[in-house]
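# Architecture and fold: a report
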Amino acid sequence: MGLVGAQKTLVPVLRAKALDTRLPDPILGDEYAERAMRQLDPGYDRRPFGAGQLGLVAVVRAKAHDDWARDFLAGHPDAVVLHLGCGLDARVLRLDPPGTVEWYDLDYPAVIALRRQILPSREHATLIGSSVTDLTWLDRVPRGRPVLVVAEGLVPYLAETDVRRLLTAVVDAFPAGQVQLDTVSVRAWRTSGWDPALRRYGTRFRCGFDDPAELAGWHPRLEYVDEAPMNDSPVLMAKAPATVRRVYRLLNLVPGMRRSSRIARYRFGAQPG
Ligand SMILES: C[S@@+](CC[C@H](N)C(=O)[O-])C[C@H]1O[C@@H](n2cnc3c(N)ncnc32)[C@H](O)[C@@H]1O
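The name an unreviewed UniProt entry gives the chain is Class I SAM-dependent methyltransferase, with Amycolatopsis iheyensis as the organism.

## Re the nonpolar core
Among the nonpolar cores identified, the biggest contains 70 residues, and Val-81, Leu-148 and Val-149 are the most heavily contacted of them. Those residues in contact with Val-81, other than ones at most four positions away along the chain, are Val-101, Trp-103, Tyr-104, Leu-148 and Val-150.

## Describing unusual backbone geometry
Even without a glycine there, the phi angle at Asp-96 is positive, about 50°. With respect to the helices, strands and loops of the structure, Asp-96 is situated in the loop between helix H4 (91-95) and strand E2 (102-107). By C-beta crowding, Asp-96 is classed as exposed, having 11 other C-beta atoms within 10 Å. Despite not being glycine, His-124 has its phi angle at roughly 65°, a positive value. By the secondary structure assignment, His-124 is in the loop between helix H5 (109-118) and strand E3 (125-129). A residue is classified by how many C-beta atoms lie within 10 Å of it, and His-124, with 14 of them, is partly exposed.

## Some points on the site of the ligand
Not every one of the 22 residues close to the ligand is listed here, only the nearest: Gly-85, Gly-87, Asp-89, Val-132 and Gly-153. Across the shell around the ligand, the residue classes break down as twelve nonpolar, seven polar and three charged.

## What about the packing of helix H1 (residues 10-20) against helix H2 (residues 31-40)?
At a minimum axis separation of 8 Å, H1 and H2 run at an interaxial angle of 125°. Considered as vectors, H1 and H2 are oriented oblique to each other. In this structure, the crossing between H1 and H2 has a hand that is left-handed. Where H1 abuts H2, its residues Val-11, Leu-14, Arg-15, Lys-17 and Ala-18 lie against Ala-33, Glu-34, Ala-36, Met-37 and Leu-40. Its residues assigned to classes, the contact of H1 with H2 shows seven nonpolar, no polar and three charged.

About the thresholds
- Numbering of residues starts from 1 in each chain and follows the order in which that chain's sequence is written.
- Since the coordinates come from a predicted model, pLDDT governs what is reported: local features require at least 70, and pairs of side-chain atoms require 80 or more to be given and counted, while whole-chain, interface and lining totals use all residues.
- Residues of type Ala, Val, Leu, Ile, Met, Phe, Trp, Tyr and Cys that are buried and joined through C-beta atoms within 7 Å form what is called a nonpolar core.
- Residues are called buried when their C-beta atom has 20 or more other C-beta atoms within 10 Å, exposed when it has 12 or fewer, and partly exposed otherwise; all C-beta atoms are positioned from the backbone.
- A pair of residues counts as a contact when their C-beta atoms, built from backbone coordinates, are within 7 Å of each other.
- Helix numbering and strand numbering both begin at the N terminus, where a helix is a DSSP run of H or I of at least 4 residues and a strand a DSSP run of E of at least 2.
- Using a C-beta atom placed from the backbone, a residue is described as near a molecule or strand when that atom lies within 6 Å of it.
- Amino acids outside the nonpolar list (Ala, Val, Leu, Ile, Met, Phe, Trp, Tyr, Cys, Pro) and the charged list (Asp, Glu, Lys, Arg) are all regarded as polar, and Gly is one of them.
- Every axis corresponds to a line fitted to the C-alpha atoms, with the helix fit spanning only the stretch in contact, and the corresponding angles, defined between N-to-C directions, vary from 0 to 180 degrees.
- Orientation is classified from the angle alone, with under 35 degrees giving roughly parallel, over 145 giving roughly antiparallel, 65 to 115 giving roughly perpendicular, and any other angle giving oblique.
- Note on convention: the crossing is left-handed when the near helix lies turned anticlockwise from the far helix by less than a right angle, right-handed when the turn is clockwise.

Here's what the structure looks like:
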């Protein structure tokens, strides 16, 4: 597959989305993920759901990002979408926005090369192979329109200074928009070097936040809006297999665990004054 480090973390997330399609009442029901995962590993569904960071909660996270994105695009059919650290997620195919929306899927060149082989292409959807931290990719994107930024499972793999540069550059570049991202807690970041799943992929988290609202303080036009539940999400408790539900109920009793991952939404509009 030719992926290294954080790039490999797209696989367990894709696998979770593919396994979700097997639930009697799926959370996301993403058949693109099922087909993509089958191509990567025809026997991917031999093992059951895991309950780790990159397991079924990642499907809950994807659903939350989809719901917010759908709402934003319904009100902004002229939007530009920046889907950052897209991996093999088929969000543009799931949401199926009108042709007036210009969609950009960005990830490292090796991931984009794999994406080209595995997922169908689509009009008004452009692939950009670049590190998100090399901000020259922003020059390829049309300005002057509302922007929707979706960074699912990306921020923890970036240094805080890079997240800050990215967010401020996007807010400076567009007249208005919505930013959706997810973060891990300071503790989850600091202990990530011991996380067996991350060790297996040869990576670790590089930043953490105990209060995602603090990111809004990085730019005067950026406002924190709200959060969606993740580890204690009602949809997880309603739809996950009993074994996974039991693990999460126990894990959520551990101090700090319920809020170890957070999904947050921000908005910005015209310059105040
Ligand atoms: C956990 S995966 C999530 C993939 C996808 N968003 C999803 O939810 O299925 C993390 C993704 O972030 C990408 N990534 C990490 N650091 C990046 C960077 N500096 N530039 C671009 N992509 C990055 C990885 O290559 C990987 O695809």
